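Residue-level structural notes
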Amino acid sequence: MRNATLKLEVAGRTILIDPFFAPKHSRPAFAGRSRNPLVDLPTSTDEILDGVELVIVSHLHSDHFDSLAQSLVPKQLPLISQPGDEDKIRSFGFENVTPLIDTIDWQGIRLTRRDGRHGFGAVLEKMGPVIGFSIEAPHEPTLYWSGDTVLYPPVEATIRNTRPDIIVVHPCGALWEGEQIAMDAEQAVAVCNAAPEAIVVATHLDSLDHATIGRADLRQHALARGISAAQLRIPDDGQILEFGAAVAAPHAAAR
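Residues numbered from 1 in each chain as written. Predicted model: local features only at pLDDT ≥ 70, side-chain atom pairs only at ≥ 80, totals over all residues. Heavy atoms only, no water.

What about the overall build of the protein?
- For the protein, the helix and strand inventory stands at eight helices and 14 strands.
- In terms of overall dimensions, the protein is globule-like: its C-alpha atoms have a radius of gyration of 17 Å, near the 18 Å expected for 255 residues.
- Overall, the C-alpha framework of the protein stretches about 50 × 45 × 35 Å when taken along its three principal axes.
- At a minimum sequence separation of 6, the contacts of the protein that also span at least 24 residues come to 62%.
- With an accessible surface of roughly 11,100 Å², the protein has 49% of that area assigned to carbon and sulfur atoms.
- Considering the protein, the positive charge centre built from 22 side chains and the negative charge centre built from 33 side chains are found 2 Å apart. (Helix = DSSP H or I, 4+ residues; strand = E, 2+ residues; numbered from the N terminus. Rg over C-alpha atoms; globule rule 2.2 N^0.38 Å. Contact = heavy atoms within 4.5 Å. Areas by Shrake-Rupley, 256 points an atom, 1.4 Å probe, with all protein chains shown as cover. Lys, Arg positive; Asp, Glu negative; His and termini not counted. Charge placed at Lys NZ, Arg CZ, Asp CG, Glu CD.)

In structure tokens:
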């Protein structure tokens, strides 16, 4: 939808990931260049919430679960959080919060926690913990949502060991106090090369002022490194992508 916010339909169920509903320029700047977010949502919050049966919140940074989303997301919906965030989320009034400690089976869908690292070095303590997750369901492509993480050995191991059909990454090159806190374009290329039979979907782009990589930058960099548009998908805000169970096979042929 915008930034990290995704609305995912899998196995006949609808999941909302990291809802960030703030209107354009309603939040402070992160890097002093512009108030955030840089753009409005592509549709109404009512439309985004329509049909949602499960909410996943990877961490509590304001661009992943802001105060407006906290007020608008129905409090009775089941919500999955990273361990340690559940009490804070319950304090917002949510009634059914479950931390993703290892795996959760929900309505025929299996969610598995994956490690993430929100930066390198000293900035990591300021960013705090984050998680990614895998989603598996019968007759559906497997999806690995890496979350707000840099590319580091546990992410590489997840890709290598689980061989997902779809990988969602956040290669915006975001900086905090000059330190990298998310993947950049070169790391997105590395993900593509590590999983040549997977489709990689890049989100979290062109929405916050501390990002250093936009959609056009990422596409240019990827093409220069031999990564095709068939493998690396860079959707616009609000764009719908559809993947079948055999998603990897046509991609491999195209590449």
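As for the sheet that holds strand β4 (residues 79-81)
- Taken together, the five strands give an open sheet; going across it, the order is β1-β2-β3-β4-β5, and neighbouring strands pair in mixed fashion. Two strands lie at the open edges of the sheet, namely β1 (6-10) and β5 (97-99), each paired on one side alone. The mean angle between the axes of side-by-side strands here comes to 25 degrees, regardless of whether they run parallel or antiparallel.
- One ladder, built from five bridges, connects β1 with strand β2 (residues 13-17); its direction is antiparallel. Residue pairing for β2: L6 is matched across the bridge by I17. (Pairing = 2+ DSSP bridges. Axes fitted to C-alpha atoms, helices over the stretch in contact; angles between N-to-C directions.)

Some points on the packing of aromatic side chains
- Following the criterion strictly, the structure yields four aromatic pairs and no others.
- Ring plane angle 50 degrees and centroid distance 5.8 Å describe the contact between F65 and F94, whose orientation is recorded as tilted. Residue F65 is found in the loop between β3 (54-57) and α2 (67-72), and its partner F94 is found in the loop between α3 (86-91) and β5; the two are separated by 29 residues along the sequence.
- We classify F94 as buried; its relative accessible area is 3%.
- One aromatic cluster in this structure is built from F65, F92 and F94.
- Positioned above the aromatic ring of F20 is the side chain of R2, whose terminal nitrogen or guanidinium carbon lies 4.7 Å from the ring centre.
- The ring of F94 carries K75 above its face, with NZ or CZ at 5.0 Å from the centroid. (Phe/Tyr/Trp six-rings, centres within 6.5 Å; stacked < 30°, edge-to-face > 60°. Buried < 20%, exposed > 50% of the residue type's maximum accessible area, 1.4 Å probe, protein only. Lys NZ or Arg CZ within 6 Å of the ring centre and 35° of its normal.)

Some thoughts on the confidence of the model for the protein
- Residues of the protein with pLDDT of at least 70 account for 96%, and the chain-wide mean is 95.
- Taken together, the stretch residues 248-255 has pLDDT below 50 and engages in 15 contacts with residues farther than four places along the chain or on a different chain. (pLDDT = per-residue confidence, 0-100.)

Topic: the pattern of salt bridges
- Under the defined criterion, the tally for this structure stands at nine salt bridges.
- Two residues, E177 and K126, come together in a salt bridge whose shortest N-O distance is 2.5 Å. Of this pair, E177 sits in the loop between β11 (175-176) and β12 (179-180) while K126 sits in helix α4 (residues 123-127), and the two are 51 residues apart along the sequence.
- Relative accessible area serves as the criterion here: at 59%, E177 is assigned to the exposed category.
- When salt bridges that share partners are traced, they join D206, R215, D236 and D237 into one network. (Salt bridge = Lys/Arg side-chain N within 4 Å of Asp/Glu carboxyl O.)

Here we look at the side chain of D209
- Structurally, D209 can be placed in the loop between β13 (199-202) and α7 (215-224).
- Although D209 is buried, it makes no salt bridge; R33 carries the closest opposite charge, 5.2 Å away.
- Within the structure, D209 has its side chain in polar contact with the backbone nitrogen of S34 (distance 3.4 Å).
- Aside from chain neighbours lying at most four places away, what touches D209 is A29, F30, A31, G32, R33, S34, N36 and L38. (Polar contact = N/O pair within 3.5 Å; in protein donor to acceptor, adjacent residues only side chain to side chain.)

Some thoughts on the nonpolar core
- Counting 31 residues, the largest nonpolar core has I167, V191, L218 and L232 as the members making the most contacts within it.
- Of all the secondary-structure elements, those providing two or more residues to this core are α4, α5 (153-162), β10 (166-169), α6 (185-194), β13 and α7.
- Counting residues per element, this core draws most heavily on α6, at five residues.
- Sequence-distant contacts of L218, defined by excluding residues within four places in its chain, comprise P171, A185, A188, A202, L205, I213, L232 and I234.
- Counting 23 residues, the second-largest nonpolar core is a separate cluster that includes L54, I109, L111 and W145. (Core = buried A, V, L, I, M, F, W, Y, C linked by side-chain atoms within 4.5 Å.)

A closer look at the packing of α6 against α7
- Two elements in contact, α6 and α7, have axes separated by 9 Å at closest approach and are oriented at 50 degrees. On the basis of the axis angle, α6 is oblique to α7. Crossing of α6 against α7: the hand is right-handed. From α6, A185, E186, A188 and V189 reach across to α7, where they touch L218, H221 and A222. (Parallel < 35°, antiparallel > 145°, perpendicular 65-115°, else oblique. Left-handed = near helix turned anticlockwise from the far one by under 90°.)

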